[in-house]
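Summary of the model geometry
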Amino acid sequence: MENRLHTVIGILLALMFVAFAIVQYNDPDPLTWILVYGFMVVLHLVSIRMRLSVVVSLLPMVAALVGAFLLWPDKYIGLMGKMDSRPAVEFARESLGLVVCALGCGYVFVRSWMRAPKRPF
């Protein structure tokens, strides 16, 4: 039952990241974000079938959090509105996208850690 639940959650998360990648076509830097979200799709689909090393999910999670911190605008003016004359809006959106990626990696990390073989001391 637990495995089936993980499969459903993994597929739903993969589909969410597919949707994120699709809407990047009109972004100022679409290839970057399609690759980021595409990586997340692959990560979730692979994690359904096999136990990943915790490093495989931990490193991208840390990278996403560092990226989110670095992209966060100096002055937060919200997420709504056009990006043409307000790059802070785009930076805030990209930063939050990376936070969502970090959360997705966190799920895979916890799943991998829970499935790791138990070693005696």
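Keep in mind the model is a prediction, meaning the values are calculated, not measured. (Residues numbered from 1 in each chain as written. Predicted model: local features only at pLDDT ≥ 70, side-chain atom pairs only at ≥ 80, totals over all residues. Heavy atoms only, no water.)

**Focus: the overall build of the chain**
Looking only at helices and strands, the chain has four helices and zero strands in total. The N-to-C order of helical and strand elements in the chain reads α-α-α-α. Each of the 121 residues in the chain was classed as buried or not, and the buried ones make up 34%. Long-range contacts, defined as pairs at least 24 residues apart, comprise 65% of the intrachain contacts of the chain with a sequence gap of at least 6. (Helix = DSSP H or I, 4+ residues; strand = E, 2+ residues; numbered from the N terminus. Buried < 20%, exposed > 50% of the residue type's maximum accessible area, 1.4 Å probe, protein only. Contact = heavy atoms within 4.5 Å.)

**With respect to the layout of surface pockets**
Of the pockets and cavities examined, the largest pocket occupies roughly 250 Å³. Looking at the largest pocket, it is lined by 13 residues, and the ones nearest its centre are Gln24, Asp27, Tyr37, Glu90 and Arg93. It is helix 4 (residues 87-115) that provides the largest number of residues to the lining of the largest pocket, a total of five residues. For the lining of the largest pocket, the class distribution of residues is six nonpolar, three polar and four charged. (1 Å grid on protein atoms, 1.4 Å probe; cavity = no way out; pocket = protein on both sides within 12 Å on 5 of 7 lines; lining within 4 Å. Points joined across faces, edges and corners; volume = space filled by probe spheres on them. Nonpolar A, V, L, I, M, F, W, Y, C, P; charged D, E, K, R; others polar.)

**Focus on helix 3 (residues 54-71)**
Counted at 1.5 Å a residue, the expected span for helix 3 with its 18 residues is 26 Å, and the 26 Å between its end C-alpha atoms agrees. All of the buried residues in helix 3 are Ser57, Pro60, Met61, Ala64, Gly67 and Ala68. The buried residues of helix 3 all sit within an arc of 130° when viewed along its axis, so they share a single face. Of the exposed residues in helix 3, the ones pointing more than 90 degrees away from its buried face are Leu59, Phe69 and Leu70. (Expected span 1.5 Å × (residues − 1). Arc of directions from axis to C-beta.)

**A closer look at helix 2 (residues 30-49)**
The end-to-end C-alpha distance of helix 2, which contains 20 residues, comes to 29 Å, matching closely the 28 Å that a straight helix rising 1.5 Å per residue would cover. Taken residue by residue, helix 2 has Trp33, Tyr37, Met40, Val41, Leu43, His44, Ser47 and Ile48 as its buried positions. The buried residues of helix 2 all sit within an arc of 160° when viewed along its axis, so they share a single face. Facing away from the buried side of helix 2, by more than 90 degrees, are the exposed residues Leu31, Leu35 and Arg49.

**Quick look at the environment of aspartate 29**
Relative to the elements of secondary structure, aspartate 29 occurs in the loop between helix 1 (2-22) and helix 2. In contact with aspartate 29, not counting residues within four places along its chain, are Glu90 and Glu94. Here tryptophan 33 takes part through its side chain, which lies 3.3 Å from a polar atom of the side chain of aspartate 29. (Polar contact = N/O pair within 3.5 Å; in protein donor to acceptor, adjacent residues only side chain to side chain.)

**Things to note about a nonpolar patch on the surface**
Taken together, the side chains of Val8, Ile11, Leu12, Leu15 and Leu45 define a hydrophobic patch exposed on the protein surface, amounting to about 450 Å² of accessible area. At four residues, helix 1 tops the list of elements feeding residues into the nonpolar patch. (Patch = residues over 30% accessible without salt bridge, like charges linked within 9 Å, V, L, I, M, F, W, Y side chains within 5 Å. Areas by Shrake-Rupley, 256 points an atom, 1.4 Å probe, with all protein chains shown as cover. Salt bridge = Lys/Arg side-chain N within 4 Å of Asp/Glu carboxyl O.)

**A look at the nonpolar core**
One finds Phe17, Tyr37, Met40, Leu43 and Cys101 to be the most contacted residues of the largest nonpolar core, which totals 17 residues. Of all the secondary-structure elements, those providing two or more residues to this core are helix 1, helix 2, helix 3 and helix 4. Ignoring sequence-local partners within four residues, the contact set of tyrosine 37 consists of Phe17, Phe20, Ala21, Gln24, Gly97 and Cys101. (Core = buried A, V, L, I, M, F, W, Y, C linked by side-chain atoms within 4.5 Å.)

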